[in-house]
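# Coordinate analysis (summary)
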Amino acid sequence: MPVLALESSCDETAAAVTDGPLVLAEAVRSQVDLHRRYGGVVPEIASRAHLEAVDALASEVLERSGKRLSDLDGIAVTQGPGLVGALLVALSFAKGLSLAAGLPATGVNHVKAHALAPFLIARTGGTARAPGGGGGPGAPAAPGEPGFPLVALVASGGHTSLFLMEDLLTFRTLGRTLDDAAGEAFDKSAKLMGLGYPGGAVIERMAERGDPEAYRISRPMLRDGLDFSFSGLKTRVADLYRAHGLDRAPDGARELCDLAASFQAAAVEVMAAKLEAAVRATGAKGAVLAGGVAANGALRRAAAAACGRLGVALHVPRPSWCADNAAMIGYLGALQLARGENPLAPESEARTRWPAECPP
Ligand code: KG4
Ligand code: ZN
């Protein structure tokens, strides 16, 4: 079932042509350079940039996939959650194209789609591999269809939640962040330390050269249920940065690397511990680690170690599919189209908040 998939929920415009989990062509246009000087995503700038990119990206992936509109079985588009003005760009484009081309369209939940990313299969560049072989450092291979139920940790700049996945479409929320998302904690801490935006990858690079035990940072809510709290971490980073006079430290100084490593160790330990606790509590057969923060090598290793202890498979997307992309939207969208779920109508609205258990 080939579909055209579109994504514009935050600061990446993305399009893909997918056939089930198989990615025939995809393109992502990141807006990071536009938002960097503001230290975060500016909604109006995001909407305008999506508007400038969406048409060209859709045409590009269609051409690269070798498909025409008439070859497609439908359109999948992110309907939420996300920034309303940003969401409306791909949503309106999808509605228009659906009417013009006579193709059914379905609205996809972005956070749920992240959890399907480990099961995508690349066609391009000869890198096709079986679904479930998410890999990543130390991740046990798990060829073939994943065994359900799975526990999924989706950690990104906007969301951090633990889900029980009964199948690829049916999710139950086990826990969520009570304040900042995990990626937001990385981004805010990096900003406080003068490391720029977005902060996740920079912190990871610096942490590789630092001592994770150099600064004492407590692990928020470590043994306290399956909800998360990350806002205290950035406050602690700010306090340590000031107390140790790190604003005077030169770029790349040892002390900055130590602080990055100490922060990352705290964030990673909490996420891996809660993933492990959720698998234990539910008796899940495996775990998924997804979302932008899942690109973090230390988190991937800690999650793999936890799953190793539990004897269950860990499914992790390749790094480019951890970040926002349209391929994951296409995969979930095709499953919905096959069941006639959440058809897009001209009056369908963007769903800025959309809990994973709400239909579809
Ligand atoms: O999924 P994503 O691309 O967008 C959202 O839906 O939010 O996630 C982006 C987030 C940002 O907060 C970014 O700092 C974080 O993922 N991130 C990382 C890493 N790479 C990206 N966090 C930690 N370590 C990384 N290597
Ligand atoms: Zn995302």
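Residues numbered from 1 in each chain as written. Chains lettered and ligands numbered in written order. Predicted model: local features only at pLDDT ≥ 70, side-chain atom pairs only at ≥ 80, totals over all residues. Heavy atoms only, no water.

## Remarks on the sheet that holds strand E7 (residues 150-155)
Spatial strand order, E9-E8-E7-E10-E11: 5 strands in an open sheet with mixed pairing. The outermost strands of the open sheet, each flanked by one partner alone, are strand E9 (171-176) and strand E11 (313-315). Strand-to-strand twist across the sheet, computed as the mean angle between neighbouring axes with direction ignored, equals 25°. Across 5 bridges, the pairing between strand E8 (residues 160-165) and E9 is antiparallel. Pairing of Met 165 across the sheet is with Phe 171, part of E9. On top of the sheet, helix H8 (residues 254-282) reaches E7, E8, E9, strand E10 (286-290) and E11; it is set at about 155° to E7, its chief contact. (Pairing = 2+ DSSP bridges. Helix = DSSP H or I, 4+ residues; strand = E, 2+ residues; numbered from the N terminus. Axes fitted to C-alpha atoms, helices over the stretch in contact; angles between N-to-C directions. Contact = heavy atoms within 4.5 Å.)

## Focus on the site of ligand 1
Taken together, 20 residues sit near ligand 1, with Gly 157, Asp 187, Glu 204, Gly 292 and Asn 296 positioned nearest. Here a nitrogen atom of ligand 1 and a side-chain polar atom of Asn 296 are 3.0 Å apart. At 3.1 Å, a side-chain N or O of Asp 324 approaches an oxygen atom of ligand 1. Here ligand 1 has 560 Å² of accessible area as a free molecule, and 86% of this is covered by the chains. Elements represented by at least two residues in the shell around ligand 1 include exactly helix H4 (110-116), helix H5 (182-192) and helix H6 (200-207). Of the residues that constitute the shell around ligand 1, the class distribution is 6 nonpolar, 10 polar and 4 charged. Two domains each donate at least three residues to the shell around ligand 1, and these are domain 1 (2-128 + 323-339) and domain 2 (134-316). (Near = heavy atom within 4 Å. Polar contact = N/O pair within 3.5 Å; in protein donor to acceptor, adjacent residues only side chain to side chain. Areas by Shrake-Rupley, 256 points an atom, 1.4 Å probe, with all protein chains shown as cover. Nonpolar A, V, L, I, M, F, W, Y, C, P; charged D, E, K, R; others polar. Domains from an automatic or database assignment.)

## A closer look at the domain arrangement of the chain
Segmentation of the chain into domains returns domain 1 (2-128 + 323-339) and domain 2 (134-316). Distance from the C-alpha centre of domain 1 to the C-alpha centre of domain 2: 26 Å. Facing 23 residues of domain 1, the contacting portion of domain 2 comprises 21 residues. In this assembly, domain 1 packs against domain 2 so that about 1800 Å² is buried in total across both faces, 74% of it on carbon and sulfur atoms. (Buried area = accessible area lost by both parts, 1.4 Å probe.)

## Quick notes on the coordination of the zinc ion (ligand 2)
The coordination sphere of the zinc ion (ligand 2), as far as protein atoms go, consists of His 110 (NE2), His 114 (NE2) and Asp 324 (OD), spread over 2.0 to 2.1 Å. Around the zinc ion (ligand 2), the 4 donor atoms are arranged such that angles at the metal cover 94 to 145°; this shape is classified as irregular. Read from N- to C-terminus, the donor residues coordinating the zinc ion (ligand 2) fall into the pattern H-x3-H-x209-D. You can see His 110 and its partner His 114 sitting in helix H4, 4 residues apart, about one turn around the helix. The exposure class of His 110 is buried, given its relative accessible area of 3%. (Donors = N, O, S within 2.8 Å, 3.2 Å for Na, K, Ca; no water. Tetrahedral: all angles 85-135°; square planar, octahedral: opposite > 155°, others 65-115°. Buried < 20%, exposed > 50% of the residue type's maximum accessible area, 1.4 Å probe, protein only.)

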